[in-house]
Each structure stands twice: as C-alpha cells, then as structure tokens.
Amino acid sequence: MQGVLSGFAVIAIVIAVGYVLGRGGHLGANGREVLTKLAFHVASPALLFTTLARADLAVIFSSRLLVTALSTAAAAGAFVAVGVGRHWGVGRTTIGALCSSYVNSGNLGIPIAVYVLGDASLVAPVLLFQVVILTPVALTILDVSGMGEKGPWWHRLLTPLRNPIAVGSLSGVAVSGLGFHVPGPVMDPLTLIGNMSVPAVLLAFGISLRGSTLPGRGRDRHPVFLAVALKSVGQPLVAWALASAVFGLRGAPLLDVTVTSALPAAQNLYTYASTYRVGEELARDSILLSTVLAVPVLVVVAALLG
C-alpha cells in the first residue's frame, strides 16, 4: 500500500508543478514543446541507454516476460481491431494501442516494485520488452505511415536506426549483451542527462492539462474509454489468467506479473503523441484516467494475490 501511494504521490506533485508553470506561462508559449523535444531526443535515449547497459538480459528468457509480451499483445491487439473497424486511422490507433498496453514501468513501476513486491529488478522484464521491442515497432509504424519524416521507402525502413528512443534502447542492450563496461567519464554524464527524462515528461504533461477539457469529454472519448478499460482491467486480467492457467505461476511470481500489468499507461506516451502530432488528446486523457484508476486496481490486486 505504501509503495502504491508514494509512487502516485510523486507523479501527481510533479504534474501539478507542470500545470502551475503552464497556467502562469512561466516557460513561455513553447515550454511544453521544448520539454517534449528534450525528453524525446536527448534525455529519454540517455536514460534508456544507461538503464539497459546495466541490465541483466537473462530476464528476456523468463516466463514472466512471456506473460508480459502476450498480455501486451492481447490488449494492444484488441484496440487495433476496434480502431481498424471504426476507421480511427493508423496514427490514432497506434497511440491508442500503446495507451492500452504500455505500462509505466519506470518512474511508477520501480517504486511499486520496491515497496509492494520487494525487489526493483522484478519490473525489468516489462521494461526491457517495452523499450527494446514495443517502442521501436510502434514508432516505426508512425514513421512509415507518414506521421514522421517524409522520404523514400528505403529511408523509412531505416527508421529504427534513426529514432533516438530506439537507438538509445538498442545501444544499451548491445552494451549489456557484449559485457562491455562503459567508462565512468562517459556513463556519468549520460546518467545525469537521463535523470532529466522523467521530470521533463511529467512537467510537459502537466502543462498540457492547462485549458484542457475534462478527461473523456473530447472528440476522442470513445478511444479513450476503450484504452482505459483495456489498460486498467483487460491487461491485468489477461496477465493473471495466462500466468496462473498457462504458465502455472503461483504466489509471489503470480503477484509480480499481475501487478506490473496493472500499472497505468506511461507518461512518455504523451511525448510520442506530441512528437508525431497525432492522438495527443487520446494519450493525455488515457494516461490521466488509467493513473487514477490504477490506485484501486493495484490495491485490489495486492489484497487478493498478496
């Protein structure tokens, strides 16, 4: 309980600071855009590189990662199926699929893993899966579909090698897999820069709330409600069912995968939506609503499986 409340309290305070900054215009008219670009092009790639360069890649072959991958695919696939049927477009459907399945494994998942599950490393499988596979695939789809830079088809096929988020993630995995030790004079500045990522994302998100309508009231209310339902209820239920019925997990391992799947949509999804200028309202409202709902959901999961 303490981990759940403390993790959400930290996020809420930083978002509130961003809202105050936006309301007062202290960062100017382009403050949110600058913070978004800082997070996407500089801070987040540095954070992902330093995190994955130190990670134990053995977790890739764990059954917990398989549960994470399958439950993520189920939630995202359900949104894509509806999005295609309702003609929501490639961009909005991609952002909505991410909001339905991409959990806040970093700034919220780590403290909850520490205080609720007792081990910060337990969030590593979902973190690795998201930054190594899910993020590059989703951003490549956005680029290739025309949401990103325009160019010849062969240029678009090289998108993963040009996207800063993908480059940071894949470089970190390569360093860890090769067992290479990054010297302190190189790693320390990257760590310092990476530490700006989460605050920049949360502040930009807070600024975006200024003047916005109540969540679920805008034109994207149907995609928002679908994404939130899949993220808050659908994904953790699928993860629990797979872990218990298919992989035979019981006790602490079952609690681990269910709790991590019940985490809300990650704030950096709003950074992606803003960068590609598609589904921004969908991302903002889905993140906000799933974060609010995650409190009772996580409390119930911890009570039933803990």
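Residues numbered from 1 in each chain as written. Predicted model: local features only at pLDDT ≥ 70, side-chain atom pairs only at ≥ 80, totals over all residues. Heavy atoms only, no water.

A few points about a nonpolar patch on the surface
Together, Val90, Ile133, Val137 and Ile141 make up a nonpolar patch on the protein surface, roughly 320 Å² of accessible area in all. Here the nonpolar patch takes three residues from helix α6 (residues 124-144), the largest share from any one element. Summarising the element assignment, Ile133 is placed in helix α6. On the accessibility criterion, Ile133 (43% relative accessible area) is partly exposed. (Patch = residues over 30% accessible without salt bridge, like charges linked within 9 Å, V, L, I, M, F, W, Y side chains within 5 Å. Areas by Shrake-Rupley, 256 points an atom, 1.4 Å probe, with all protein chains shown as cover. Salt bridge = Lys/Arg side-chain N within 4 Å of Asp/Glu carboxyl O. Helix = DSSP H or I, 4+ residues; strand = E, 2+ residues; numbered from the N terminus. Buried < 20%, exposed > 50% of the residue type's maximum accessible area, 1.4 Å probe, protein only.)

Quick notes on the environment of Ala78
In this structure, Ala78 sits in helix α3 (residues 63-85). Owing to a relative accessible area of 30%, Ala78 belongs among the partly exposed residues under this scheme.

Points about the packing of aromatic side chains
We describe a pair of aromatic rings using the distance from one ring centre to the other and the angle between the two ring planes. In the structure shown here, the tally under the stated rule is four aromatic pairs. When the centroid spacing of 6.0 Å and the interplanar angle of 80 degrees are considered together, the rings of Phe40 and Tyr272 count as edge-to-face. Placement of Phe40 in helix α2 (residues 31-53) and of Tyr272 in helix α14 (residues 268-276) is noted, with a sequence separation of 232 residues between them. The same class applies to Phe40 and to Tyr272, which are both buried. Taken together, a centroid distance of 6.3 Å and an interplanar angle of 85 degrees make the contact between Phe40 and Tyr276 edge-to-face. In this pair, Phe40 is assigned in helix α2 and Tyr276 in helix α14, connecting sequence segments 236 residues apart. Each member of the pair Phe40 and Tyr276 is classed as buried. One aromatic cluster is present, built from ring pairs that chain together Phe40, Tyr272 and Tyr276. (Phe/Tyr/Trp six-rings, centres within 6.5 Å; stacked < 30°, edge-to-face > 60°.)

Side note on α14
Counted residue by residue, α14 has seven buried out of nine residues, so it is predominantly covered. Buried within α14 are the following residues: Leu269, Tyr270, Thr271, Tyr272, Ala273, Ser274 and Tyr276. Buried residues along α14 sit in contact with α2, α4 (90-101), α6, α9 (164-178), α11 (197-208) and α15 (280-305). With its phi angle positive at about 55 degrees, Arg277 sits one or two positions after the end of α14. (Contact = heavy atoms within 4.5 Å.)

Examining the UniProt feature "transmembrane region" (unreviewed entry) in the protein chain
UniProt feature "transmembrane region" (unreviewed entry): in the numbering of this structure it lies at residues 6-22, 65-84, 96-116, 122-144, 165-184, 190-212 and 287-305. A helix fraction of 100% and a strand fraction of 0% characterise residues 65-84, whose end C-alpha atoms lie 28 Å from each other. Structurally, residues 122-144 comprises 91% helix and 0% strand, and the distance from its first C-alpha atom to its last is 34 Å. (UniProt positions renumbered as here; feature names shortened; annotations may be inferred.)

With respect to the pattern of salt bridges
Inspection of every chain in the model, using the stated rule, returns six salt bridges. Where Asp256 meets Arg64, a salt bridge forms, and the shortest distance between an N and an O atom there is 3.3 Å. A residue pair is termed long-range when its members are at least 10 positions apart, and Asp256 in helix α13 (residues 252-261) and Arg64 in helix α3 qualify at 192 residues. Residue class for Arg64 comes out partly exposed when judged on its relative accessible area of 23%.

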